[in-house]
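# Notes for the structure review
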Amino acid sequence: MKNSKFIKALNLQANSIPPVWFMRQAGRYLPEYQKIRKNYTNFLDMCKQPRTCAELALQPIDRFGLDASILFSDILTIPDALNLGLAFHEGEGPKFSNPISSPQDIQKLLPFDINNLNYVFKAVEETKNQLPQDTPLIGFCGSPWTLAAYSIEGGGSKDFHKTHAFMREHPKELQNFLEILSKACFEYLRQQVMSGVNAIQIFDSWADLLSGDNLETFSLKYTRMLCKLLKEDPVTADIPIILFEKSPNKKLEDIVFKEITCVSLYWQEDIESISKNFKDQYAIQGNLDPKVLLKSDESIWEATQRICNIMKEYPGFIFNLGHGITPDIDPNKVQVMVDAIRQ
Ligand code: 1CP
């Protein structure tokens, strides 16, 4: 991995051309993904086929020559392994048949069994075998808070009404659940590392649901617990950790902590001012607004070069989008972005 620009950036070393990969780089916007996806009704069944996962993870690498690959899987594999009954039906988001509706549901949970996730670790091994030697593989998990929100809500939602009610009515029991999830995430990431991933990203995709002190009480506290466990374990101690907080109600400067290697910026964050405060401390990943990829080639070129210019003196910069790519984006527009970075 010595020749990887992505790993160099995580080590705060300078690259003349920044490395690039992007969130949700494998997925529905790619026709080659759709071709395989149509063989499965339930998306999760596809995630349980390690060979298929490797093929899907490699699609954006083959097409765009990106500098890092991300494991093809989903953050919701952990709640599925806790027997919450996850399915992704045709044209719908995730749905749990067995969500956490009461404190009793938390008490009744069976102990987390890492063996339920062996298909993920096989996918890591398979993907590593197929990737070019100097292309690192990123493993990932959801933050404990984000996993709890889906588990209580029973799926995706606009307002996460049930999750807010649970937080108000049963804060202690919610915290017990968050602790269970933190330990499960630790074991899960540890096994991903044992299977070959070179870095990990934690997705706190629902950080924005938490206002005031609740961000600390229900999210950051548990993400820190997870990162401490990773740093204390010899297997994972040296693995770079990337943290993505979606639109948190606090400045990132007040969120980061020493166990983090890299901060992945949401598209609304001001990369210029954050880079001044994080220089020589944290690598930065980000943060083109994915919606820019719906615009003209000239607009994409301009917006991409603007970020590259701001970050050109920043050792430890990784180009990425400020959130996942959406299914409505034309892959040719992604190529325009990649060309603009490498010019
Ligand atoms: O039907 C389909 O084809 C499924 C679409 C899909 C894909 C391609 C889902 C369902 N998940 C994934 C893969 C995935 N998910 C990856 C690996 C692919 C890659 O990045 O290249 C990763 C890293 C994720 C992570 C993930 N899943 C997040 C965190 C990132 C983010 O966008 O904030 C979240 C929130 C999820 C949940 C999820 N999984 C799938 C959907 C549609 C959703 C969102 C549900 C919702 O809240 O509405």
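For clarity, every value in this text was computed on a predicted model and none was experimentally measured. (Residues numbered from 1 in each chain as written. Predicted model: local features only at pLDDT ≥ 70, side-chain atom pairs only at ≥ 80, totals over all residues. Heavy atoms only, no water.)

Secondary structure summary: the protein contains 14 helices and nine strands in total. The C-alpha atoms of the protein give a radius of gyration of 19 Å, which matches the 20 Å a tight globule of 343 residues would have. Projected onto its principal axes, the C-alpha positions of the protein cover 55 × 45 × 40 Å. Looking at the protein as a whole, 59% of its 343 residues qualify as buried. (Helix = DSSP H or I, 4+ residues; strand = E, 2+ residues; numbered from the N terminus. Rg over C-alpha atoms; globule rule 2.2 N^0.38 Å. Buried < 20%, exposed > 50% of the residue type's maximum accessible area, 1.4 Å probe, protein only.)

So, about the site of the ligand. Neighbouring residues of the ligand: 23 residues in total, closest Y33, D74, Y150, S205 and H323. Between R24 and the ligand, the recorded distance is 3.1 Å, taken from a backbone N or O atom to an oxygen atom. Interatomic distance of 2.8 Å between a side-chain N/O atom of H323 and an oxygen atom of the ligand. Compared with its free state, where it exposes 890 Å², the ligand has 87% of that area covered by protein. Here the residues of the shell around the ligand are counted per class, giving 13 nonpolar, six polar and four charged. (Near = heavy atom within 4 Å. Polar contact = N/O pair within 3.5 Å; in protein donor to acceptor, adjacent residues only side chain to side chain. Areas by Shrake-Rupley, 256 points an atom, 1.4 Å probe, with all protein chains shown as cover. Nonpolar A, V, L, I, M, F, W, Y, C, P; charged D, E, K, R; others polar.)

On to the packing of helix α13 (residues 297-310) against helix α14 (residues 331-342). Packing of α13 against α14 brings their axes to within 9 Å, and their N-to-C directions diverge by 40°. Classified by the angle between their axes, α13 and α14 sit oblique to one another. At the point where α13 passes α14, the crossing takes the right-handed sense. For the pair α13 and α14, contact is made by D297, I300, W301, T304, Q305 and C308 and by K333, V336, M337, D339, A340 and I341, respectively. Here the residues of the contact of α13 with α14 sort into seven nonpolar, two polar and three charged. (Axes fitted to C-alpha atoms, helices over the stretch in contact; angles between N-to-C directions. Parallel < 35°, antiparallel > 145°, perpendicular 65-115°, else oblique. Left-handed = near helix turned anticlockwise from the far one by under 90°. Contact = heavy atoms within 4.5 Å.)

With that settled, the discussion passes to the packing of aromatic side chains. Summed over the entire model, instances satisfying the criterion amount to 15 aromatic pairs. Joined through ring pairs, the aromatic side chains of F140, F203, F244, Y266 and W267 make up one cluster. For K246, the ring lying beneath its charged end belongs to W206, and the centroid distance is 3.9 Å. (Phe/Tyr/Trp six-rings, centres within 6.5 Å; stacked < 30°, edge-to-face > 60°. Lys NZ or Arg CZ within 6 Å of the ring centre and 35° of its normal.)

Attention now goes to the side chain of S69. The residue S69 is located in strand β1 (residues 69-70) in this model. Those residues in contact with S69 that sit more than four places away from it in its chain are Q25, A57, I61, T127, L131, T135, P136, L137 and I138.

Turning next to the state of the cysteines. Evaluation of the coordinates by the stated rule reveals zero disulfides. This cysteine, C227, is not joined by any disulfide, and C141 carries the nearest cysteine sulfur, 8.4 Å off. A residue is classified by how much of its surface remains accessible, and C227, at 0% relative accessible area, is buried. (Disulfide = S-S within 2.5 Å.)

Grouped together as the largest cluster of nonpolar side chains are 128 residues, with contacts concentrated most on F6, F72, I78, W145, V334 and M337. Ranked by residue count, the leading element in this core is helix α10 (residues 171-195), at ten residues. What M337 contacts, discounting residues up to four positions off in sequence, is F22, L288, L293, I300, T304, F319 and L321. (Core = buried A, V, L, I, M, F, W, Y, C linked by side-chain atoms within 4.5 Å.)

Mapped onto the secondary structure, Q201 falls in strand β5 (residues 199-204). In this structure Q201 touches W21, M23, I138, G139, F140, C141, I242, F244, S264 and Q285, once residues within four positions along its chain are discounted.

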